[in-house]
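Below are the chains, spelled out letter by letter.
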Amino acid sequence: MIKKIDHLGIAVRSIEESLPYYEKILGIPCEKTEEVPSQNVKTAFFAVGEVHLELLEPTSPESPIAKFLEKNGEGIHHVAFYTDDITGQLSQASQGGCRLIHEVPFEGAANKMVAFLHPKSTHGVLTEFCTNKNPS
Ligand code: ZN
């Protein structure tokens, strides 16, 4: 079951150059930065109430974020829904006719398991499901 919007993913060319906007102008301190080698990205997290912003900077031209920036420029990249059952959520989407980018969840940033639905099946919004890696 989907519980909340966990975070919004925002593609940027440079986290370093984007930080002053979030930290100084908006006044939201960066919680942490983290590299996700499997996706060739560097991430920076900001808490806005219960929702986080996840800045995504490509670390290689092969990164899906590099391709997104080339096509669309900087901006909102994905919406991530927190679910307590990521496998069930994926099979529900698949049974409903959604194309999945990932059939099997993989390890994302912030100690979460994540998987994406294809934006062609989600009316243009790249959709991520995420759940805690070690549910307590
Ligand atoms: Zn994300």
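Before reading further, recall that the structure is shown in the block above.
Basis of the calculations
- Residues numbered from 1 in each chain as written.
- Predicted model: local features only at pLDDT ≥ 70, side-chain atom pairs only at ≥ 80, totals over all residues.
- Heavy atoms only, no water.
- Donors = N, O, S within 2.8 Å, 3.2 Å for Na, K, Ca; no water.
- Tetrahedral: all angles 85-135°; square planar, octahedral: opposite > 155°, others 65-115°.
- Helix = DSSP H or I, 4+ residues; strand = E, 2+ residues; numbered from the N terminus.
- Core = buried A, V, L, I, M, F, W, Y, C linked by side-chain atoms within 4.5 Å.
- Buried < 20%, exposed > 50% of the residue type's maximum accessible area, 1.4 Å probe, protein only.
- Contact = heavy atoms within 4.5 Å.
- Arc of directions from axis to C-beta.
- Polar contact = N/O pair within 3.5 Å; in protein donor to acceptor, adjacent residues only side chain to side chain.

Chemist: Give a description of the coordination of the zinc ion that names residues and reports values.
Modeler: Within the protein, the atoms that donate to the zinc ion are His-7 (NE2), Glu-54 (OE), His-78 (NE2) and Glu-128 (OE), at distances of 2.1 to 2.3 Å. Viewed at the metal, the four donor atoms of the zinc ion are separated by angles of 84 to 168 degrees, and the geometry they form is irregular. Between consecutive donors of the zinc ion, the numbers of intervening residues give the motif H-x46-E-x23-H-x49-E. Here the residue His-7 occupies a position in strand E1 (residues 2–11), and His-78 occupies one in strand E5 (residues 75–83), the gap between them amounting to 71 residues.

Chemist: Tell me about the nonpolar core, and name the residues and values.
Modeler: In globular proteins that are soluble, nonpolar side chains generally tend to be buried together. In terms of nonpolar packing, the biggest core is built from 10 residues, these being Ile-10, Val-12, Ile-15, Leu-19, Tyr-22, Ile-28, Ala-44, Phe-46, Leu-53 and Leu-55. Listed by contribution, the elements that provide at least two residues to this core are helix H1 (15–25), strand E3 (41–48) and strand E4 (51–58). If one sorts the elements of this core by residue count, H1 sits on top with three residues. Phe-46 has contacts with Leu-19, Tyr-22, Glu-23, Ile-28, Pro-29, Cys-30, Val-51, His-52, Leu-53 and Leu-55, leaving out every residue within four places of it along the chain. Listed in part, the nine residues of the second largest apolar core include Val-36, Val-41, Phe-45 and Phe-68.

Chemist: An account of helix H3 (residues 86–95) is needed here, citing residue identities and associated values.
Modeler: Restricting attention to buried positions, one finds in H3 the residues Ile-86, Gln-89, Leu-90 and Ala-93. Buried positions in H3, seen along its axis, are confined to an arc of 100 degrees and lie on one side of it. In H3, the exposed positions that point more than 90 degrees away from the buried face belong to Thr-87, Gln-92 and Gln-95. Elements in contact with the buried residues of H3: E1, E5, strand E7 (112–117) and strand E8 (127–132). Once H3 ends, the next one or two residues include Gly-97, with phi positive near 95 degrees.

Chemist: Requested: an account of the side chain of Thr-122, with residues and values cited.
Modeler: Inspection of the secondary structure assignment puts Thr-122 in the loop between E7 and E8. Here Val-125 takes part through its backbone oxygen, which lies 2.5 Å from a polar atom of the side chain of Thr-122. Contact partners of Thr-122, with chain neighbours within four places excluded, come to Cys-98, Leu-117 and Thr-127.

Keep in mind these numbers describe shape, not what the thing actually does.
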